[in-house]
Structure formats: structure tokens, C-alpha cells
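Here's the letter readout for the chains.
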Amino acid sequence: MHNTSFKGLLTAGAVFAATTLAYAHGDVNPQPVDTAGLPETGEEWLTENPYRASEVGEEVWRKAVEIGSSGYNQNCARCHGLEVVSGGLAPDLRFLEAEEYGDEWYVERFRTGYTQNGITKMPAFGELLGQDAAWAIRTYIETRPDGDAMEEVSDELKEMRDQLAGYATDANGADADAIRARLTEIAGSIETLSGAPVADSVAYRAANLIDGTSDAYKSAAETLTIGLSAAH
């Protein structure tokens with residue numbers, strides 16, 4: 001796992017931002033995030049992420065990741081990059097520690113935004129999107145997988161994708177338990193860059209789709225196809 005310091009990235013990002021004022025974010029209208037299905041967090045802002053699996057269970061955690069993905073891609077990807085892979089315009093949030101320091105920095109920036117030399121680099125999302133959306137996006141961000149680890153298993157995942165695509169039309173000979181177990185094993189080898197215990201990798205997503213039906217094999221194959229394409 002990479003040991004890149006998020007504080008170091010913030011410093012580098014600040015230097016870079018000074019030369020990219022034309023990319024101000026203030027002219028972008030925040031898009032609402034549908035948080036239905038998540039426990040409400042209340043009016044008083046929390047300082048720690050309440051949607052981690054250790055706090056709410058895996059099912060709610062998965063829902064938070066799903067909602068957070070949508071919220072992030074609508075409101076954050078323009079500056080912080082698709083799949084949270086920054087192109088340098090803004091800090092790479094994959095490295096933001098999945099612990100108290102990271103939570104405090106994140107929620108403060110989310111609520112109040114960031115202005116530099118009188119130009120809004122990041123809007124204040126707090127009142128616009130609300131706390132539930134904030135922590136769902138945080139949950140998605142901290143579960144991003146290590147790209148290098150994904151690269152190491154990409155060849156095997158491509159082989160499994162092709163196998164699953166075949167089982168989608170003819171499931172004879174398919175061993176759903178074995179396929180799910182191998183995908184789960186691969187998923188377990190992929191770390192996050194934040195230190196969060198579980199990476200929401202395509203292997204993890206595909207493993208949770210397998211139930212022995214043709215539709216599930218098709219969905220898992222499509223998940224791997226899209227995820228592996230996005231990784232490049």
C-alpha cells in the first residue's frame with residue numbers, strides 16, 4: 001500500500017491550485033443527492049463517519065457507497081477526478097485517512113468549501129446537500145481501491161469476466177460458490193489508499209452479485225468490464 005501523506009498532497013495541491021485559478025468551481029450548481037435508505041444523521045454535524053460497516057453493518061455500508069458514488073460523480077468528479085483519481089487540479093482524496101483526522105478535515109471542507117484569492121475553488125456543500133449526503137460521499141471516497149493492486153489482478157479478472165460472460169448464456173459446469181470464493185479472495189487482496197478495511201473494488205462488487213443464475217453471471221461480467229475499463 002502506498003504511504004503517500006495526504007498532508008503532502010494538500011501542500012502540492014495548494015501550489016498547483018495557485019496556477020489554475022481559471023478552473024474555479026463556483027460556477028457549478030451542486031446537484032441534490034437522494035439519500036433514501038440511509039439512517040438519518042440528524043441536524044448536528046458529526047465529526048466521524050457514521051456509515052462505516054463497523055457502525056451500521058455491511059448492507060447499510062454498501063448503500064452508502066452506492067449513494068456516495070452517485071453524489072461524488074455529480075458534484076466532485078469535475079475537480080477531484082473520476083473514481084476519485086485526481087488529475088492534479090485538486091487533492092487526491094483517495095489518500096485522505098479513514099480515521100478521525102480525515103473525517104474532521106473532510107466534513108469541515110465539505111461544509112464550508114474553499115476560497116482562494118477571492119475565487120471559490122470549492123462551494124460550501126453543507127447546507128446545499130446535507131449531512132447524510134456528506135457522509136455517503138465520504139464512505140465512497142475512503143473505499144477506493146489501490147490502483148496498483150488492481151493492476152496486479154487485472155489479468156485474472158479479465159479471464160474471469162470472459163468466463164462469466166460465457167456462463168451468462170450457458171451456465172452448465174459453472175460453480176457459483178467457487179467463483180464467488182475466488183472473487184472474494186481477490187477482493188480481500190486489494191487494499192484502499194485511505195486505510196479503510198474494505199476496498200469497494202470491482203472484484204468485491206462482482207463477488208456480491210454471484211448467485212448461480214444467468215442474470216447474475218451477466219451482471220458480474222458487466223461489472224468487471226466497466227470497472228476494468230475505468231481503471232485504465
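Keep in mind that this is a model prediction, so the values were computed, not measured.

K.L.:
Please set out the overall build of the protein residue by residue, giving values where relevant.
P.N.:
Along the backbone of the protein there are 11 helices and 2 strands. Helices (α) and strands (β) of the protein occur, in sequence order from the N terminus, as α-α-α-α-α-β-β-α-α-α-α-α-α. Within the span of the protein, comprising 232 residues, buried residues form 45% of the whole. Surface summary for the protein: the accessible area is close to 11,800 Å², and the carbon and sulfur share equals 48%.

K.L.:
Describe the packing of aromatic side chains, and please don't skip the residues or the numbers.
P.N.:
Tallied over the entire structure, the rule returns 7 aromatic pairs. On the basis of an interplanar angle of 35° and a centroid distance of 5.8 Å, the ring pair of Tyr 106 and Phe 110 is categorised as tilted. Remark: Phe 110 and Tyr 106 occur in helix H5 (residues 100–112); sequence separation between them is 4 residues, near one turn of the helix. The residues Tyr 106 and Phe 110 share a single accessibility class, namely buried.

K.L.:
Go over the side chain of Thr 35, please, and point to the residues and values.
P.N.:
Relative to the helices and strands, Thr 35 is located in the loop between helix H1 (6–17) and helix H2 (53–56). Its relative accessible area of 19% is what places Thr 35 among the buried residues. Other than its neighbours up to four places away in sequence, Thr 35 contacts Ile 67, Asp 132 and Ala 133.

K.L.:
An account of the packing of helix H3 (residues 58–75) against helix H7 (residues 131–142) is needed here, citing residue identities and associated values.
P.N.:
Closest axis-to-axis distance for the H3/H7 pair is 7 Å, and the angle between their directions is 95°. Considering their axes alone, H3 and H7 lie roughly perpendicular with respect to each other. Where H3 abuts H7, its residues Trp 61, Ala 64, Val 65, Ile 67, Gly 68, Ser 69, Gly 71, Tyr 72 and Asn 73 lie against Ala 136, Ile 137, Thr 139, Tyr 140 and Ile 141. Split by residue class, the contact of H3 with H7 holds 9 nonpolar, 5 polar and no charged.

K.L.:
Can you explain the side chain of Ser 86? Please cite residues and give values.
P.N.:
Residue position: Ser 86 is located in the loop between helix H4 (77–80) and H5. Its relative accessible area of 17% is what places Ser 86 among the buried residues. At a separation of 3.0 Å, a polar atom in the side chain of Ser 86 contacts the main-chain amide nitrogen of Gly 88. Discounting residues that sit within four places of it in the chain, Ser 86 has contacts with Cys 79, His 80, Gly 81, Pro 91 and Asp 92.

K.L.:
Tell me about the pattern of salt bridges, and name the residues and values.
P.N.:
Inspection of every chain in the model, using the stated rule, returns 13 salt bridges. For Arg 52, the salt bridge identified is with Glu 142, shortest N-O distance 2.8 Å. Of this pair, Arg 52 sits in the loop between H1 and H2 while Glu 142 sits in helix H7, placing them 90 residues apart in sequence. Overall, the relative accessible area of 2% leaves Glu 142 in the buried class.

K.L.:
Provide a residue-level description of the packing of helix H8 (residues 147–169) against helix H9 (residues 176–189), including the pertinent values.
P.N.:
At a minimum axis separation of 12 Å, H8 and H9 run at an interaxial angle of 155°. Judged on the interaxial angle alone, H9 and H8 are roughly antiparallel. The two elements H8 and H9 meet at a crossing, and its hand is left-handed. Facing H8, whose interface residues are Val 153, Glu 156, Leu 157, Met 160, Gln 163, Leu 164 and Tyr 167, H9 presents Ile 179, Arg 182, Leu 183, Ile 186 and Ser 189. Per-class residue counts for the contact of H8 with H9 are 8 nonpolar, 2 polar and 2 charged.

Quick notes on the rules
- Residues numbered from 1 in each chain as written.
- Predicted model: local features only at pLDDT ≥ 70, side-chain atom pairs only at ≥ 80, totals over all residues.
- Heavy atoms only, no water.
- Helix = DSSP H or I, 4+ residues; strand = E, 2+ residues; numbered from the N terminus.
- Buried < 20%, exposed > 50% of the residue type's maximum accessible area, 1.4 Å probe, protein only.
- Areas by Shrake-Rupley, 256 points an atom, 1.4 Å probe, with all protein chains shown as cover.
- Phe/Tyr/Trp six-rings, centres within 6.5 Å; stacked < 30°, edge-to-face > 60°.
- Contact = heavy atoms within 4.5 Å.
- Axes fitted to C-alpha atoms, helices over the stretch in contact; angles between N-to-C directions.
- Parallel < 35°, antiparallel > 145°, perpendicular 65-115°, else oblique.
- Nonpolar A, V, L, I, M, F, W, Y, C, P; charged D, E, K, R; others polar.
- Polar contact = N/O pair within 3.5 Å; in protein donor to acceptor, adjacent residues only side chain to side chain.
- Salt bridge = Lys/Arg side-chain N within 4 Å of Asp/Glu carboxyl O.
- Left-handed = near helix turned anticlockwise from the far one by under 90°.

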